[in-house]
Amino acid sequence: MYSKGVTMLEMIMVLAIGVVLIGIITSSFVTLGATQGLSGNTESVASLIRQARAMTFSSAADLQYGVHLDTTQAVLFQGPSYSASNSSNVVVSLGSKVTISSVTLYGGGSNIIFNRLTGETGNYGTTTLALVASPSVQKLIVVSPTGTVEIK
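Below is a summary of the structure that appears in this document. (Residues numbered from 1 in each chain as written. Predicted model: local features only at pLDDT ≥ 70, side-chain atom pairs only at ≥ 80, totals over all residues. Heavy atoms only, no water.)

### Overview of the nonpolar core
- In this structure, Val45, Ile49, Val67, Leu69, Ile112, Leu129 and Ile141 are the most contacted members of the largest nonpolar core, which totals 23 residues.
- Of all the secondary structure elements, the ones that give two or more residues to this core are α1 (8–57), β1 (65–69), β2 (73–78), β4 (98–105), β6 (125–131) and β7 (138–143).
- At six residues, α1 tops the list of elements feeding residues into this core.
- Val67 has contacts with Leu48, Ile49, Ala52, Ala74, Val75, Leu76, Phe77, Ser110, Asn111 and Ile112, leaving out every residue within four places of it along the chain. (Core = buried A, V, L, I, M, F, W, Y, C linked by side-chain atoms within 4.5 Å. Buried < 20%, exposed > 50% of the residue type's maximum accessible area, 1.4 Å probe, protein only. Helix = DSSP H or I, 4+ residues; strand = E, 2+ residues; numbered from the N terminus. Contact = heavy atoms within 4.5 Å.)

### Side note on the sheet that holds strand β5 (residues 111–113)
- The strand order β3-β2-β1-β5 describes an open sheet built from four strands, whose pairing is antiparallel. Edge positions in the open sheet fall to β3 (90–93) and β5, since each of these has one partner strand only. With strand direction ignored, the average angle separating the axes of adjacent strands in the sheet is 15°.
- When β1 meets β2, the two strands line up antiparallel, connected through five bridges. Opposite His68, over in β2, you have Val75 as the bridge partner. (Pairing = 2+ DSSP bridges. Axes fitted to C-alpha atoms, helices over the stretch in contact; angles between N-to-C directions.)

### Regarding the pattern of salt bridges
- Tallied over the full model, the rule gives two salt bridges.
- Here Glu43 and Arg50 are joined by a salt bridge, their closest N and O atoms 3.2 Å apart.
- Relative accessible area serves as the criterion here: at 39%, Glu43 is assigned to the partly exposed category.
- By relative accessible area, which is 35% here, Arg50 ends up partly exposed.
- Residues Asp62 and Arg116 are paired through a salt bridge, measuring 3.6 Å at the closest nitrogen-oxygen approach. (Salt bridge = Lys/Arg side-chain N within 4 Å of Asp/Glu carboxyl O.)

Take a look at the structure:
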């Protein structure tokens with residue numbers, strides 16, 4: 001004869017399956033959140049570069065503008081060179097899960113400076129943003145010699 005109750009072994013099996021499913025779902029949400037953070041930070045940095053170009057192109061305050069790229073932030077600055085102590089700097093800080101992992105600009109350095117009236121730059125190249133926990137998950141910002149910005 002069969003008993004009509006639920007055995008302890010069956011309850012443990014159902015509980016174990018539930019724990020595994022919860023682990024998989026939680027992991028997926030964490031990865032999704034980090035990936036969305038990477039996309040958002042990449043768009044913020046690209047937007048700051050576009051803003052610097054637009055301000056230079058329009059000769060705002062009769063100045064040229066540039067963007068300094070650091071591992072944890074991007075800084076829009078006025079003038080032909082970056083000064084960390086300038087009070088007019090506009091800082092975009094990256095989240096703790098995202099880093100600027102590499103900056104490869106023509107001529108070297110980590111500053112993209114735009115030319116007045118044309119919006120062109122001699123500091124064209126690529127900037128790579130990556131997840132700190134998964135450096136292989138990356139987004140690329142490409143700045144062309146004409147100053148246009150593209151995210152790949």
